[in-house]
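Residues per chain, in single letters:
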Amino acid sequence: MQVMKTEASPPDRPGASATDTTPKASSRGSGRLRSRYGPWAVVTGASSGIGRAFALQLASAGFNPVLTARRGDVLDGLAADLAAQHGVKTRAIPIDLGREDAPAFLAHETQDLDVGLLVCAAGFGSSGRFLDADLDNEIDMVGVNCSAAMSLSHRFGRRFADRGRGGLVLMSSLVAFQGVPFAAHYAATKAYVQSLAEALRIELAPHGIDVVASAPGPIYSGFAERADMRFGMGHQPACVAEATLRALGRRSTVRPGWISKFLEGSLRMLPRSGRVRMMAKVMQGMAQGA
C-alpha cells in the first residue's frame with residue numbers, strides 16, 4: 001500500500017481555528033491523560049463525526065495526534081488546524097481500514113512515534129431487512145468494525161505492553177447488548193467489539209494498558225446518513241469523546257449522554273428476548289428500509 005502521509009508542526013504564532021467548537025479538556029483531566037498515555041495518539045475515522053471529536057479533544061489535552069481516515073484532503077486540513085490552534089505535532093495518514101493490509105501499514109507508518117493511545121473510531125453501519133442488504137457492504141463492515149479494530153488492538157497493544165503503559169478506546173454501541181432486528185449485522189459487529197473490549201481490559205491490565213468500550217446511542221454525525229437511519233434525538237460527537245476519555249482507566253464501559261443511560265435503564269428489567277423485541281420496534285421507527 002502506498003499513500004502520502006503528511007505532517008504538521010505548530011507555527012511560530014499559533015492561531016485560533018474557527019472550526020473547533022469542541023469543549024476544552026480540563027487542565028486536571030488533560031494532565032492525567034498526558035502523563036498516563038502520551039505523547040502520541042492514533043485516531044481512526046478522524047475525518048468526521050466521533051473520530052474528529054476525539055482528535056480535537058486529544059489535541060486540546062496536549063497529545064500529538066496521528067489522524068487516519070479515507071479522505072486525505074480533510075485530514076490535511078484538520079492536521080493543520082490542530083497544529084495551529086493547540087501547538088501540537090500531527091501526522092495525517094489517509095488509508096481505507098477496510099483493506100486487509102491497512103492495520104499493518106498504519107502500525108508501520110507510526111513505528112517511529114511514541115504512541116501511547118489508540119482510539120478505534122472508524123466504523124459504519126446499515127439498517128433495514130438483512131436479506132435486502134448489499135452483501136459486499138456487509139462484508140466490508142466486518143472488515144472495518146471488527147477485523148481492523150482487532151488487528152490494531154493487537155499491534156498497538158504489543159507496543160503498549162513493551163512501553164509499560166497505554167490505552168485502547170474501542171467503539172461499541174447501545175445496540176451491542178442484544179440482537180437488534182433491522183440492524184442485525186451492525187449490532188452483531190458492535191457486540192463483537194464490546195466483548196473484545198471487556199476481555200482485553202482484564203488481560204492487558206497487568207501490562208499497564210487501560211481499555212474502555214464506549215457505547216453511545218444516537219449521535220448526530222455522518223453515520224445516520226450512511227446507515228440509512230433517521231434520528232429523532234441524539235447527542236453531538238463531542239459528548240462521546242469527552243465522556244469516553246474521562247472514563248478511560250476508570251471504567252470498563254461508558255455510555256455517553258443521557259439518551260444512552262435512559263435507554264439502558266428502560267431495557268434493563270426486560271429479559272433478553274424482550275429487549276430484542278423492544279429494539280425491533282425502536283429500529284422500525286429509525287430504519288428507512290424497515
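Anything mentioned here points back to the structure above.
Report on the accompanying structure. The model shown is predicted, which means the values in this text are computed figures rather than measured ones.

**Description of the overall build of the chain**
Stage number 1. Scanning the chain from terminus to terminus reveals 10 helices and 8 strands.
Stage number 2. Residues classed as buried in the chain amount to 52% of the 290 residues present.
Stage number 3. When contacts within the chain are restricted to residue pairs at least 6 apart in sequence, long-range pairs at least 24 apart make up 75% of them.
Stage number 4. Carbon together with sulfur atoms contributes 52% to the accessible area of the chain, which is approximately 13,300 Å² in total.

**Side note on the sheet that holds strand β4 (residues 90–94)**
Stage number 1. With respect to topology, 8 strands assemble into an open sheet ordered β1-β4-β3-β2-β5-β6-β7-β8, the strand pairing being mixed. Pairing within the sheet leaves two strands with one partner each, and these edge strands are β1 (6–8) and β8 (253–254).
Stage number 2. Inspection of the sheet shows strand β6 (residues 166–171) paired to strand β7 (residues 209–214) by 6 bridges, in the parallel sense. Note on β7: the bridge partner recorded for Leu 168 is Val 211.
Stage number 3. Helix-sheet contacts for helix α3 (residues 72–86) involve β1, β3 (64–69) and β4, and the interaxial angle to β4 is about 175°.

**Side note on a negative patch on the surface**
Stage number 1. Where like charges cluster on the molecular surface, the negative patch consists of Asp 96, Asp 134, Asp 136 and Asp 140.
Stage number 2. Here Asp 96 shows up in the loop between β4 and α4 (102–109).

**With respect to a positive patch on the surface**
Stage number 1. A cluster of basic residues, Arg 246, Arg 250, Arg 251 and Lys 261, forms a positive patch at the surface.
Stage number 2. Within the element layout of this structure, Arg 251 appears in the loop between α8 (237–247) and β8.
Stage number 3. With relative accessibility at 42%, the residue Arg 251 sits in the partly exposed group.

**Examining helix α6 (residues 184–204)**
Quick reminder: α-helices carry 3.6 residues per turn. Residues three or four places apart thus point the same way.
Stage number 1. If you check α6, its first and last C-alpha atoms are 30 Å apart, about what 21 residues at 1.5 Å a residue would give, namely 30 Å.
Stage number 2. Of the residues making up α6, those classed as buried are His 185, Tyr 186, Ala 187, Thr 189, Lys 190, Val 193, Gln 194, Leu 196, Ala 197, Leu 200 and Leu 204.

**Describing the packing of helix α2 (residues 49–60) against α8**
Stage number 1. Running from N to C, α2 and α8 cross one another at 55°; their axes reach a closest spacing of 8 Å. Between α2 and α8, the angle is such that the two are oblique. Judged by the sense of rotation from one axis to the other, the crossing of α2 with α8 is right-handed. The segment α2 lies against α8, with Gly 49, Ile 50, Ala 53, Phe 54, Gln 57 and Leu 58 engaging Pro 237, Ala 238, Val 240, Ala 241, Glu 242, Thr 244 and Leu 245.
Stage number 2. Here the contact of α2 with α8 is built from residues that sort into 9 nonpolar, 3 polar and 1 charged.

**Examining the packing of α4 against helix α5 (residues 135–163)**
In a pair of packed helices, the angle between the axes and the distance between the axes together describe the arrangement.
Stage number 1. For the pair α4 and α5, the least separation of the axes is 9 Å and the interaxial angle reads 30°. As judged from the angle between their axes, α4 and α5 are roughly parallel. The hand of the α4/α5 crossing is right-handed. In this structure, α4 contributes Pro 103, Ala 104, Leu 106 and Ala 107 to the contact, and α5 contributes Ala 148, Ser 151, Leu 152, Arg 155, Phe 156 and Arg 159.
Stage number 2. In terms of residue class, the contact of α4 with α5 is built from 7 nonpolar, 1 polar and 2 charged.

Rules and cut-offs
- Residues numbered from 1 in each chain as written.
- Predicted model: local features only at pLDDT ≥ 70, side-chain atom pairs only at ≥ 80, totals over all residues.
- Heavy atoms only, no water.
- Helix = DSSP H or I, 4+ residues; strand = E, 2+ residues; numbered from the N terminus.
- Buried < 20%, exposed > 50% of the residue type's maximum accessible area, 1.4 Å probe, protein only.
- Contact = heavy atoms within 4.5 Å.
- Areas by Shrake-Rupley, 256 points an atom, 1.4 Å probe, with all protein chains shown as cover.
- Pairing = 2+ DSSP bridges.
- Axes fitted to C-alpha atoms, helices over the stretch in contact; angles between N-to-C directions.
- Patch = residues over 30% accessible without salt bridge, like charges linked within 9 Å, V, L, I, M, F, W, Y side chains within 5 Å.
- Salt bridge = Lys/Arg side-chain N within 4 Å of Asp/Glu carboxyl O.
- Lys, Arg positive; Asp, Glu negative; His and termini not counted.
- Charge placed at Lys NZ, Arg CZ, Asp CG, Glu CD.
- Expected span 1.5 Å × (residues − 1).
- Parallel < 35°, antiparallel > 145°, perpendicular 65-115°, else oblique.
- Left-handed = near helix turned anticlockwise from the far one by under 90°.
- Nonpolar A, V, L, I, M, F, W, Y, C, P; charged D, E, K, R; others polar.

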